[in-house]
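# Results of the structural survey
What follows is each chain in one-letter form.
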Amino acid sequence: MTATGDDNATDRQLRLLVGLVVVFGLGSAAAIAAHGVGSAHPTPRPLVLAALCTAVVLSNRVRTQVRIRSSLDRFTWSELPVLIGLVLVPAPWVVLCAVVGVTIHKILVWSDPIKTVFSIAKEALTASAAATVFLLLGIRPDLNHPPMAIIPTVLGLCAIIVVDHLAFVPVVATSTRSPARQIALHNLGIKIVGYLCRLIACLLVVILLTSGANYLLLLVVPLVVACMHLWQSRSTGTREERESWQRLAKATDELNAVDLTQVLHSATTRAAQIFSAVEAAIDLSAGGADRTVRATDSRVLADGPLVAAPSRADEIAVGLDPHDGGIRVGVLRLSFGGAVRLTEVEQYKLRTFASAVCTAIRNAQAYAELARIAAENAHAASHDPLTGLANRRRLYDQAGELFRATRQEGLFALLLIDLNHFKEVNDTLGHAAGDHVLREVANRLRDAAAPGDLVARLGGDEFAVLLTGLPTPALANHRATGMLAGLDAGIEVEGMQITVEAAGGIALAAGTGSVEELMRRADIAMYQAKRANEQTVVYAHARDTADLERLMLTGELRRAVAEHEFTVDFQPIVDLGSGEVVAAEALARWHHPDQGSLSPVQFLETVERSGQLPAFADAVLEQSLIAMQTWREAGFDLPVAVNVSPRSLLDAKFPGAVLARLARHDVPPERLVLELTETLTISQLDVVERALAELRNAGVRLAIDDFGTGISSLSVLSRIPVHQLKIDREFVAAVETSAEAAAVIRTTVDLARNLHLTVVAEGVESEPQRRALWELGCLAGQGHLFARPYSAARFLGVLQRGSGGQPGVLATALYDAGSVVRLPARRSFGGGRTSQPHSSA
């Protein structure tokens, strides 16, 4: 049903209810009049009747009102003259005076005709109900000797209250389209207090009239009534105001969401509640997402495309305008079901609420834009731009997840494919033809892959397929042969038919333990296939001589730990603006007696498998803390960042061991930063979250390495409140030449600023890179531009020598000392969760 149809139906129901009240009012008044015809009561003097009518008019003028939608719930003192009149004047005259008094009041205030008729009929009905109580109890009114009608007065007031609610509640509920129970219970506590005040005033007058007291005491009654009325008005206004502001504050809190739909739904329902509207709607017209959301105070009615609704008389609209004078976000519309005039306070609250809604919508849109950019960056970081296939990083990530999965359906393997003689295509037909061939090969491999398999292009003419769900190892070779057979058909390039030949190496994941080893074995098998001129070769351990070196390293690890062959070098992290050293990153090295200095890439996997990881991690942390103590004693109190192996975080004793070493060396926990790889925090989050929480709660700082290069960066930040993000060296290297790389860095900095995190760039190699990063808002960096990794002693010497006669400074500042610097829009370097920058590796 349309809105117009709903309005027409509501009008018909209202007219029916008002008609019923009029019928009952006329009937009850007629019944009271008929009873009075047969009674022997004399006709009251006109002056008495005029006074009673005047009292009715005045009692209706003295009122407290609360708006419910477009209707007003009024608290008047009209019961007082009716009940006192029933003690002094015959009931038919009281009913008549009540009706005449309300009629005069409505004429004076010039009310709506239907509301006027309804009020007169309701007054006749309530006065008749009270008169019926007095008649049934046999009360004989007497102006000169009034009866002591205490109980009839109490029961008469109760009758008025019940009949008034029976007539008023259904009409208001229909008019505002609200539940009758909600209308009846609205401000019930205030109503009860008001009725008690009226009862006290009535009983006071009755007692004064019947006790023979001096009638001059009746002059005190208006003063008492005025005091009660002022108290009730103020109490009602204060309570309504307090509850309204509380609802506004709660609504503002709910608007602090990052999902636009949640913001719009919350804003519309809360607006209907706060301003007692039948319906609230937001027409969103900015941000490229034109939509209209309509809701009542309890549920959302519609959420769809923007609908241009005509202006209505019962509607109040306010623009959602930004404080900074930007483009209007949309319009908030409130429908009340009737004409309404908001008070000055309500208008102020409406403007305040609209401002909060505008800010919340802009924040949600900004977050959505950041999420979109991050998703695009993540997709670009995990897919090959030429073929649309997954790239090497995506392949490594998915293979890593398979290795870490506790339950798998079948085995998995890696097929590494290399195209034969592809260089000849490029050299003969050009790179455009070569690109066409690569895209066609990618499409054929994608079409031939089984559901669940991942096809990737590693670069050049090299492809890889992650074969999953293998019931037996032998099926890997069968599936690989089928995929390569799909390349046999010729490819048409510039009118020529080109035949593509390929060699494939297959490595089963079982027994490898890591993606790197799986890739190494597939690579060995592929080159064996090329040398043997075979289409596919499955990796065989017996033909792999490279494993012997790792076996030798494994046997030497225990000796290396015992003889302190593991050492730690430190690379400074520098404030890009001032050139001052603000932190250091610990980099482990193995000084092997025969093979020389080995980096973690060469031995870390072996350490993790050998059972020597706790001893290795303990040695690195111990040397880092000793270096921190030495530097601090020399006047350089620098935090140090240490890389954390995923397997260390799986050890329940690891957090306690770290905190114990910090305490032993008297190093505050906040001076230590633990660097987490993004893959770790995504794939093993449920397992390591407890360890991270224990360390974080103790004050240890956390950083995410290579942020943005994985596929779940935002989900990581929503689970782990880290203190720092680190920009991968690949983006830093391309910051001057690649608009995409600059956009990734800018997005990361903006996201970090909004989440109060610091950002560190890795691999800063030149002054132009340094300046470009600083102008993008990145405050800290490390790289060979400032210093290479040094031992702790040499690192201290570098700090003491400094640059330009300034200890602790390794580069010339980008601005002159004492000058006013206009920094890019960003947070201060030491703000947020951390007071110092830390590195992540």
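## Considerations on the pattern of salt bridges
When their charged atoms lie close together, side chains carrying opposite charge are able to pair. Tallying each qualifying case throughout the model produces 25 salt bridges. The shortest N-O distance in the salt bridge between Glu-622 and Arg-661 comes to 2.1 Å. With Glu-622 in helix α19 (residues 613-633) and Arg-661 in helix α21 (residues 654-664), this residue pair connects regions lying 39 residues apart in the sequence. The exposure class assigned to Glu-622 is partly exposed, which follows from its relative accessible area of 21%. Across the pair Arg-770 and Glu-767 runs a salt bridge, and its minimum N-O distance is 3.2 Å.

## Quick notes on the packing of helix α3 (residues 79-88) against helix α5 (residues 113-136)
Running from N to C, α3 and α5 cross one another at 40°; their axes reach a closest spacing of 10 Å. Classified by the interaxial angle, the pair formed by α3 and α5 is oblique. The handedness of the crossing between α3 and α5 is right-handed. The segment α3 lies against α5, with Val-82, Leu-83, Leu-86 and Val-87 engaging Glu-123, Ala-127, Ala-130, Ala-131 and Phe-134. Classifying every residue of the contact of α3 with α5 gives 8 nonpolar, no polar and 1 charged.

## Structural notes on the sheet that holds strand β6 (residues 315-320)
The strand order β5-β4-β3-β7-β6 describes an open sheet built from 5 strands, whose pairing is antiparallel. The outermost strands of the open sheet, each flanked by one partner alone, are β5 (300-305) and β6. When the angles between neighbouring strand axes are averaged without regard to direction, this sheet yields 15°. Sheet topology places strand β4 (residues 291-295) next to β5; 5 bridges connect them, and they run antiparallel. Of the residues in β5, the one forming a bridge with Arg-291 is Pro-305. In this fold helix α11 (residues 344-382) packs onto β3 (279-284), β6 and β7 (330-335), with an angle of close to 50° to the strand it touches most, β6.

## Digging into the nonpolar core
Grouped burial of nonpolar side chains is what soluble globular proteins tend to show. Ranked by internal contacts, the top residues of the largest apolar core, which has 78 residues, are Phe-570, Trp-631 and Phe-795. Broken down by element, the residue count for this core peaks at 8 residues, all from α19. Not counting residues within four places of it along the chain, the set of residues in contact with Trp-631 comprises Phe-570, Ala-584, Phe-636, Val-640, Ala-792, Phe-795 and Leu-796. Listed in part, the 37 residues of the second largest apolar core include Val-89, Ala-127, Leu-157 and Val-206.

## Considering empty space enclosed by the protein
Per the counting criterion, the structure on display carries 3 cavities of 30 Å³ or more. Space inside the second largest cavity adds up to approximately 40 Å³. Around the second largest cavity, the lining residues are Met-628, Arg-632, Asp-637, Leu-638, Val-667, Pro-668 and Arg-671. Residue composition of the lining of the second largest cavity, grouped by class: 4 nonpolar, no polar and 3 charged.

## Things to note about a nonpolar patch on the surface
A cluster of nonpolar side chains, namely Leu-96, Val-100, Ile-104 and Leu-108, defines an oily patch on the protein surface of about 330 Å² accessible area. With respect to the helices and strands, Leu-96 occurs in helix α4 (residues 91-109). We classify Leu-96 as partly exposed; its relative accessible area is 42%.

Criteria and thresholds
Residues numbered from 1 in each chain as written. Predicted model: local features only at pLDDT ≥ 70, side-chain atom pairs only at ≥ 80, totals over all residues. Heavy atoms only, no water. Salt bridge = Lys/Arg side-chain N within 4 Å of Asp/Glu carboxyl O. Helix = DSSP H or I, 4+ residues; strand = E, 2+ residues; numbered from the N terminus. Buried < 20%, exposed > 50% of the residue type's maximum accessible area, 1.4 Å probe, protein only. Axes fitted to C-alpha atoms, helices over the stretch in contact; angles between N-to-C directions. Parallel < 35°, antiparallel > 145°, perpendicular 65-115°, else oblique. Left-handed = near helix turned anticlockwise from the far one by under 90°. Contact = heavy atoms within 4.5 Å. Nonpolar A, V, L, I, M, F, W, Y, C, P; charged D, E, K, R; others polar. Pairing = 2+ DSSP bridges. Core = buried A, V, L, I, M, F, W, Y, C linked by side-chain atoms within 4.5 Å. 1 Å grid on protein atoms, 1.4 Å probe; cavity = no way out; pocket = protein on both sides within 12 Å on 5 of 7 lines; lining within 4 Å. Points joined across faces, edges and corners; volume = space filled by probe spheres on them. Patch = residues over 30% accessible without salt bridge, like charges linked within 9 Å, V, L, I, M, F, W, Y side chains within 5 Å. Areas by Shrake-Rupley, 256 points an atom, 1.4 Å probe, with all protein chains shown as cover.

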